[in-house]
Amino acid sequence: MNNEPIQTAITFTNVKKYFPEKDEVHSVLKGVSGKINQGTFIMIVGPSGSGKSTLLSMCNLLTTPDEGEINVLGKEIRKWDVAELRKKVGIAFQSAPILDGTVRDNMLLVQNLHNKQCYSPEQLCSLTGLSSDLLERDAKDLSGGQKQRLSLARTLSNASDILLLDEITSALDIAAAHEIEELIVQLNKEQNKTIIWVTHNLDQAKRLADEVWLLMDGKLIESADSSSFFNTPKHPETRAFLQGALL
Ligand code: ADP
Ligand code: MG
């Protein structure tokens, strides 16, 4: 039996974010509070423009909160050294930026940047299901699915504890998306990585997540275990969102 106390990966406390919009200030996150335990697989859903990417990108300091606090692995986000934080918290996006050079060059990029070598390119290939025959290939010649694997390999290359994933399968066909899903599930189950995955695919959230969060108009409407979220949602907005998504 595992008696180790459950550690908190990330705590959001009344997080607010504003963006200027013409002469006005647009409130994008309106006081989000919530807690994510280490090893949990969370999926964040919600309409386009509801603040999902903004919330995610704060967790590795691509942007900062204007008000409130985000505690990551025991330290307030503003107290983290950015480079140190990004060794612990990796992020991957829908459109993986592929740089000039070979697949190997692309894989070594993050490690060179952070001066932290956790996996060899060969290990990263095996971890992400890419053939190591591709290592000397020009990265720009890879297929969409292979590019997404490469992007993930780069994110995984410094073995961060927390993975932030923003719509990473949205541009992939079903087969490629399922392979990426399997990889993420494996990382969660076998390496106890905390997964925070923004998706617009509710079926994906239903199948994979331990917990689902619904963001609407900058507010966290509901956060619940996956089964409760989909079968017995507490909030009328959640019910409306789920019904709308079924249309
Ligand atoms: P989602 O990921 O849920 O679609 P986002 O977090 O990307 O939503 O965006 C939420 C809102 O914040 C949108 O209205 C978007 O236009 C605005 N926004 C996001 N980033 C910026 C930025 N850097 N500058 C100005 N407005 C932004
Ligand atoms: Mg987004």
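To keep things clear, this report deals only with the structure shown in the data block. All values reported here derive from a predicted model rather than from experimental measurement.

### A look at the overall build of the protein
At step 1: Scanning the protein for helices and strands turns up nine helices and ten strands.
At step 2: The C-alpha atoms of the protein give 18 Å as radius of gyration, which agrees with the globular expectation for 247 residues (18 Å, within 12%).
At step 3: Dimensions of the protein, computed from C-alpha atoms along their principal axes, come out at roughly 55 × 50 × 40 Å.
At step 4: Within the protein, the fraction of its 247 residues that count as buried is 48%.
At step 5: Counted over contacts in the protein with a minimum sequence separation of 6, partners at least 24 positions apart contribute 67%.

### Here's the deal with the environment of L183
At step 1: Tracing the backbone through its elements, the reader meets L183 in helix 6 (residues 174-191).
At step 2: Put simply, L183 and G129 are 54 residues apart on the chain and 8.3 Å apart in space, counted from C-alpha to C-alpha.
At step 3: Beyond its immediate sequence surroundings of up to four residues, L183 is in contact with L127, T128 and L152.

### Things to note about the site of ligand 1
At step 1: Neighbouring residues of ligand 1: F19, H26, V28, P47, S48, G49, S50, G51, K52, S53 and T54.
At step 2: Residue G51 places a main-chain N or O atom 3.0 Å away from an oxygen atom belonging to ligand 1.
At step 3: Isolated, ligand 1 exposes 560 Å² of accessible area, and the fraction of that covered by the protein chains is 58%.
At step 4: Of all the secondary structure elements, the ones that give two or more residues to the shell around ligand 1 are strand 2 (24-37) and helix 1 (52-58).
At step 5: Sort the elements by how many residues they give to the shell around ligand 1 and helix 1 lands first, with three residues.
At step 6: Of the residues assigned to the shell around ligand 1, the class counts are three nonpolar, seven polar and one charged.

### Some words on the sheet that holds strand 4 (residues 67-72)
At step 1: Judged by pairing direction, the sheet is antiparallel, and its four strands sit side by side in the order 2-1-4-5 without closing on themselves. Edge positions in the sheet fall to strand 2 and strand 5 (75-76), since each of these pairs with one other strand and no more.

### Here's the deal with the sheet that holds strand 7 (residues 162-166)
At step 1: Pairing is mixed across the open sheet formed by six strands, whose spatial order is 6-7-8-3-9-10. Single-partner strands in this sheet number two, and they are strand 6 (89-93) and strand 10 (219-225). Recorded for the sheet is a direction-independent mean angle of 15 degrees between the axes of neighbouring strands.
At step 2: Across the sheet, helix 5 (residues 144-156) lies against strand 6 and strand 7, angled at about 165 degrees from strand 6, the strand it touches most.

### Digging into the packing of aromatic side chains
At step 1: The tally for this structure, following the rule as stated, stands at three aromatic pairs.
At step 2: Look at F229 and F230: their rings are 5.1 Å apart centre to centre, the planes differ by 75 degrees, and that puts the pair in the edge-to-face class.

### Section: unusual backbone geometry
At step 1: Phi at N14 is positive, roughly 50 degrees, even though this residue is not glycine.
At step 2: Tracing the sequence through the fold places N14 in strand 1 (residues 8-21).
At step 3: A residue is classified by how much of its surface remains accessible, and N14, at 37% relative accessible area, is partly exposed.
At step 4: Here L73, not a glycine, exhibits a phi torsion of approximately 45 degrees, which is positive.
At step 5: By the element assignment, L73 lies in the loop between strand 4 and strand 5.

### Some remarks on the pairing of strand 4
At step 1: Two elements, strand 1 and strand 4, share five bridges in a ladder whose sense is antiparallel. Residue I10 lies in a different strand from strand 4, and its bridge partner there is V72.
At step 2: For strand 4 and strand 5, the ladder comprises two bridges, and the chain directions are antiparallel. Paired with V72 across the bridge in strand 5 is K75.
At step 3: Here strand 4 hands over to strand 5 after two residues, with L73 in that stretch at a positive phi of 45 degrees.

### Some thoughts on the pattern of salt bridges
For side chains bearing opposite charge, pairing can occur when the charged atoms are close.
At step 1: On inspection of all chains with the given rule, the structure shows eleven salt bridges.
At step 2: Taking the shortest distance from any N to any O, the salt bridge between R104 and E136 comes out at 2.7 Å. Of this pair, R104 sits in helix 3 (residues 103-114) while E136 is found in the loop between helix 4 (121-128) and helix 5, placing the two residues 32 residues apart along the sequence.
At step 3: Owing to a relative accessible area of 23%, R104 belongs among the partly exposed residues under this scheme.
At step 4: Residue classification places E136 among the exposed residues on the basis of a relative accessible area of 53%.
At step 5: E179 is the partner of R149 in a salt bridge, and the nearest nitrogen-oxygen pair spans 2.0 Å. Of this pair, R149 sits in helix 5 while E179 sits in helix 6, placing them 30 residues apart in sequence.
At step 6: Among the residues examined, E179 registers a relative accessible area of 42% and is labelled partly exposed.

What counts, and where the lines are drawn
- Residues numbered from 1 in each chain as written.
- Chains lettered and ligands numbered in written order.
- Predicted model: local features only at pLDDT ≥ 70, side-chain atom pairs only at ≥ 80, totals over all residues.
- Heavy atoms only, no water.
- Helix = DSSP H or I, 4+ residues; strand = E, 2+ residues; numbered from the N terminus.
- Rg over C-alpha atoms; globule rule 2.2 N^0.38 Å.
- Buried < 20%, exposed > 50% of the residue type's maximum accessible area, 1.4 Å probe, protein only.
- Contact = heavy atoms within 4.5 Å.
- Near = heavy atom within 4 Å.
- Polar contact = N/O pair within 3.5 Å; in protein donor to acceptor, adjacent residues only side chain to side chain.
- Areas by Shrake-Rupley, 256 points an atom, 1.4 Å probe, with all protein chains shown as cover.
- Nonpolar A, V, L, I, M, F, W, Y, C, P; charged D, E, K, R; others polar.
- Pairing = 2+ DSSP bridges.
- Axes fitted to C-alpha atoms, helices over the stretch in contact; angles between N-to-C directions.
- Phe/Tyr/Trp six-rings, centres within 6.5 Å; stacked < 30°, edge-to-face > 60°.
- Salt bridge = Lys/Arg side-chain N within 4 Å of Asp/Glu carboxyl O.

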